[in-house]
Amino acid sequence: MSIRKVAVLGSTGSVGKQALEIIDARPDLELHSILCRRNIGLLLQQKEKFLPSISAIVSPEGNIPPDIIKGAEVLDQAVEGADIVLNAIVGSAGLRASILCQKLDIPLALANKESLVIGGELLRDHLKAGKVIPVDSEHSTIERCLQSEKRPVRGITLTASGGSVLLMPIDEIRTAGPERILKHPTWEMGARITVDSATMVNKAYEVIEAGWLFENIPVEVVIHPQSIVHSFIRLEDGSWKALLGQPDMRIPIQFALEWPDRELDVIAGDKPFDWGTLAFSRMDEERYPAFNTVVQTGIDGKTFPAVANAADEVAVQAFLDGRILFGNIAEIIDEVLSLHRSYHIRSLEDVLEADRNARTVAAGIVSKLC
Ligand SMILES: NC(=O)c1ccc[n+]([C@@H]2O[C@H](COP(=O)([O-])OP(=O)(O)OC[C@H]3O[C@@H](n4cnc5c(N)ncnc54)[C@H](OP(=O)(O)O)[C@@H]3O)[C@@H](O)[C@H]2O)c1
């Protein structure tokens, strides 16, 4: 058994912490590096427990011990020397790390879906080489379902829980506060993705992500409140294939870290009679006005997805800070997109420029709303 050295970027987040659990449980995985934005307390605990070669922080605040790496080169130092990189950074900040993996030809276990949403163009070589392994549970499911299919498939159906607003009276959604929106019915995740699940921006990202990972296969979305079916593929003869089980991110994380075919540990202990009734329905578009807007940015391409993402990041943070209403998030994305003059993406700087400009415009709209 060869030891695989894993870099965990975003180690202090929801995905990052679960990745460390997997690494802890498996003698064939070794933690090469950990990196976070500013949660030095947790980073130090992780360093003490796992003794990685590199512990790094992007935005240090206060007194940082000398053996914690900081400064402009943190990302390069965290990634170099790893056998596989788990990119579990949240938001557009994750794109640089994904591009670095491509440059260094290191397999990329990708939780940071924003990398593909805003910068898929820039990751084509790594995608073509089959070195981008999805960690999102839906895409991990599709990957596993496709693995044994020799024939072409008709389509991909991503399941969506519907987030915290699924059963909320429609006239209460606009003004629902963070305490209601952050109560995701089936998954425990970071704050941003939980809000994005309620607006369905997250699902729209997943549609775009699927377009990059599984080129030329049509993608649709179905509401499935129990999150037991983690997505489907539709086979040539019209029958369906899926992966089922209680929601547990450790399953796709382990699958990605042991990619392509190393032995897997048993993680799930559930049985079909634990699942109850499984329901599926069409998405109510009135409930999720941002969904189609963001999916359309993926179709339009160029800088549009990066602009939608930047507007969403600013709007979600403003919502979490209590500065705007939940209903404003979709409106801000719409308005920022309508003001944007798009251009083709040829470099990381092209994406970053669109991202910066969109943030400025979005912040201006937020301050007018406050
Ligand atoms: N959570 C899930 O179940 C789940 C499922 C599928 C996909 N994903 C995707 O996985 C990614 C991470 O989600 P999450 O829920 O784990 O997020 P999270 O709990 O908010 O954690 C985010 C992590 O990223 C770090 N980070 C933030 N900004 C950074 C920057 N500029 N540079 C370096 N590190 C930075 C944070 O460090 P600090 O703690 O220091 O701020 C933290 O470690 C997202 O793209 C999300 O869409 C998540």
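Residues numbered from 1 in each chain as written. Predicted model: local features only at pLDDT ≥ 70, side-chain atom pairs only at ≥ 80, totals over all residues.

Thoughts on the overall build of the protein chain
Each helix and strand counted, the protein chain has 16 helices and 10 strands in total. In summary, the protein chain has a C-alpha radius of gyration of 20 Å against a globular reference of 21 Å for 370 residues, a match within 12%. The dimensions of the protein chain, computed from C-alpha atoms along their principal axes, are 55 × 50 × 40 Å. Expressed as a percentage of its 370 residues, the buried residues of the protein chain come to 48%. Of the contacts made within the protein chain by residues no fewer than 6 positions apart, 67% connect residues no fewer than 24 positions apart. (Helix = DSSP H or I, 4+ residues; strand = E, 2+ residues; numbered from the N terminus. Rg over C-alpha atoms; globule rule 2.2 N^0.38 Å. Buried ≥ 20, exposed ≤ 12 C-beta atoms within 10 Å, placed from the backbone. Contact = placed C-beta atoms within 7 Å.)

Structural notes on the nonpolar core
Ranked by internal contacts, the top residues of the largest apolar core, which has 109 residues, are Val85, Leu86, Ala311, Ala315 and Ile333. No other element matches helix H14 (residues 304-320), which puts 11 residues into this core. Domain assignment of the residues forming this core places at least three in each of domain 1 (4-135) and domain 2 (139-247 + 275-369). Beyond its immediate sequence surroundings of up to four residues, Val85 is in contact with Ala7, Leu9, Val79, Ala97, Cys101, Ile106, Leu108 and Ala109. (Core = buried A, V, L, I, M, F, W, Y, C linked by C-beta atoms within 7 Å. Domains from an automatic or database assignment.)

Examining the packing of helix H13 (residues 290-300) against H14
The geometry of H13 relative to H14 is characterised by a closest axis approach of 7 Å and an angle of 150° between their N-to-C directions. On the basis of the axis angle, H13 is roughly antiparallel to H14. From H13, Val294, Thr297, Gly298 and Asp300 reach across to H14, where they touch Phe304, Pro305 and Ala308. Residue composition of the contact of H13 with H14, grouped by class: four nonpolar, two polar and one charged. (Axes fitted to C-alpha atoms, helices over the stretch in contact; angles between N-to-C directions. Parallel < 35°, antiparallel > 145°, perpendicular 65-115°, else oblique. Nonpolar A, V, L, I, M, F, W, Y, C, P; charged D, E, K, R; others polar.)

Here's the deal with the environment of Gly155
Mapped onto the secondary structure, Gly155 falls in strand E7 (residues 155-160). Distance from Gly155 to Ser239, taken between C-alpha atoms, is 11 Å for residues 84 residues apart in sequence. Beyond its immediate chain neighbours, meaning those up to four positions away, Gly155 contacts Ile217, Pro218, Val219, Glu220 and Arg234.

What about the sheet that holds strand E9 (residues 229-234)?
Spatial ordering of the open sheet is given by E8-E7-E9-E10, a layout of four strands whose pairing is mixed. Every interior strand has two partners, whereas the edge strands, strand E8 (219-223) and strand E10 (240-244), have only one. Adjacent strand axes in the sheet meet at a mean angle of 20°, parallel and antiparallel pairs treated alike. Here E9 runs beside E10; their pairing, made up of four bridges, is antiparallel. In the strand pairing of E10, Phe232 is matched with Ala242. The sheet strands contacting helix H11 (residues 201-213) are E7 and E8, and the helix crosses E7 at an angle near 155°. (Pairing = 2+ DSSP bridges.)

Regarding the domain arrangement of the protein chain
Segmenting the protein chain into domains produces domain 1 (4-135) and domain 2 (139-247 + 275-369). Each of domain 1 and domain 2 has a C-alpha centre, and these two points are 23 Å apart. Counting from both sides, the interface comprises 21 residues of domain 1 and, opposite them, 22 residues of domain 2. When contributions to the side of domain 1 that touches domain 2 are tallied by element, the ones reaching two or more residues are helix H4 (95-104), helix H5 (114-119) and strand E6 (132-134).

Considerations on the site of the ligand
For the ligand, the set of nearby residues contains 28 residues, the closest of which are Gly10, Gly13, Ala93, Met189 and Gly190. Among the elements of the structure, helix H1 (14-25), strand E2 (29-36) and helix H10 (191-199) are those that each provide at least two residues to the shell around the ligand. Looking at which element gives the most residues to the shell around the ligand, the answer is H1, with three residues. (Near = placed C-beta within 6 Å.)

So, the environment of Ile333
On the secondary structure map, Ile333 appears in helix H15 (residues 326-339). Given 29 C-beta atoms within a 10 Å radius, Ile333 is considered buried. Once residues lying within four places of it in the same chain are set aside, the contact partners of Ile333 are Ala290, Thr293, Val294, Ala308, Ala311, Asp312 and Ala315.

Concerning the environment of Asp105
Considering the arrangement of structural elements, one finds Asp105 in the loop between H4 and strand E5 (108-110). In the structure, Asp105 is positioned 25 residues away from Gly130 in sequence and 11 Å away in space, judged by C-alpha atoms.

Quick notes on the sheet that holds strand E4 (residues 84-87)
Pairing in this open sheet of six strands is parallel, and the strands run E3-E2-E1-E4-E5-E6 from one edge to the other. Only two strands of the sheet have a single neighbouring strand rather than two, namely strand E3 (54-57) and E6. Neighbouring strand axes in the sheet, compared pairwise and without regard to direction, differ in orientation by 20° on average.

Thoughts on unusual backbone geometry
Excluding glycine, residues mostly have negative phi values, and the peptide bonds linking residues are mostly trans. In this structure, Pro260 follows Trp259 across a cis peptide bond, with omega equal to 0°. As for its placement among the helices and strands, Pro260 is situated in the loop between helix H12 (250-257) and H13. The backbone phi angle of Ser231 is positive, close to 120°, even though this residue is not glycine. Its place among the elements puts Ser231 in strand E9. On the neighbour-count criterion, Ser231 (27 C-beta atoms within 10 Å) is buried.

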